[in-house]
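The chain contents come next:
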Amino acid sequence: KVAIKFIANEDDDLSAKIPRSVSVFHQLKLPGTIKILGYSGPTNNDQRFAIVSEFAKNGSIAELKTKYIESNGAIHDKMNPTVRSKIFFGVAATMK
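What comes next is a walk through the structure. (Residues numbered from 1 in each chain as written. Predicted model: local features only at pLDDT ≥ 70, side-chain atom pairs only at ≥ 80, totals over all residues. Heavy atoms only, no water.)

**A word on the overall build of the chain**
Logical step 1: Helix and strand counts for the chain stand at three helices and three strands.
Logical step 2: In the chain, of all internal contacts separated by at least 6 residues, the share reaching a separation of at least 24 is 45%.
Logical step 3: By element, 58% of the accessible surface of the chain is carried by carbon and sulfur atoms, the whole surface being about 7,800 Å². (Helix = DSSP H or I, 4+ residues; strand = E, 2+ residues; numbered from the N terminus. Contact = heavy atoms within 4.5 Å. Areas by Shrake-Rupley, 256 points an atom, 1.4 Å probe, with all protein chains shown as cover.)

**What to know about the packing of aromatic side chains**
Logical step 1: On inspection of all chains with the given rule, the structure shows one aromatic pair.
Logical step 2: On the basis of an interplanar angle of 40° and a centroid distance of 6.4 Å, the ring pair of Y39 and F49 is categorised as tilted. One end of the pair, Y39, is in strand β2 (residues 36-40); the other, F49, is in strand β3 (residues 48-54), and ten residues separate them in sequence.
Logical step 3: A relative accessible area of 39% means that Y39 is categorised as partly exposed.
Logical step 4: Cation over ring: K1 sits above F55, and NZ or CZ is 5.3 Å from the ring centre.
Logical step 5: Sitting over the ring of F6, R48 keeps its end group 4.1 Å from the ring centre. (Phe/Tyr/Trp six-rings, centres within 6.5 Å; stacked < 30°, edge-to-face > 60°. Buried < 20%, exposed > 50% of the residue type's maximum accessible area, 1.4 Å probe, protein only. Lys NZ or Arg CZ within 6 Å of the ring centre and 35° of its normal.)

**Regarding the environment of P19**
Logical step 1: Note that P19 resides in helix α1 (residues 12-27).
Logical step 2: What makes P19 partly exposed here is its relative accessible area of 25%.

**Remarks on the pattern of salt bridges**
Logical step 1: Inspection of the entire model under this criterion finds two salt bridges.
Logical step 2: With a closest N to O distance of 3.1 Å, K17 and D13 form a salt bridge. Placement of the pair is K17 and D13 together in helix α1, with a separation of four residues, close to one helical turn.
Logical step 3: Looking at K17, the relative accessible area reads 40%, which means it is partly exposed.
Logical step 4: Residues R48 and D46 are paired through a salt bridge, measuring 3.0 Å at the closest nitrogen-oxygen approach. (Salt bridge = Lys/Arg side-chain N within 4 Å of Asp/Glu carboxyl O.)

Next comes the structure, spelled out in structure tokens:
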């Protein structure tokens, strides 16, 4: 399974950044990260970028954040510093 994210091509600056960013993320070999498999640039028929990655079977970060916060009995627009720190250190631990 794969996931495809579409990004609107709103300016020339983005047209240069997307291929560079995809190239960098494609080369990352960090455990616990979703691998970028490739991308498609804008065409005459569709002006969006399409980024293809591995499918995240456990859902997106946004879904996990919402699920975690809702499990504590409340929904907040922003995560508190403790939750942000846990996520930061969890990500950092995979970068040894």
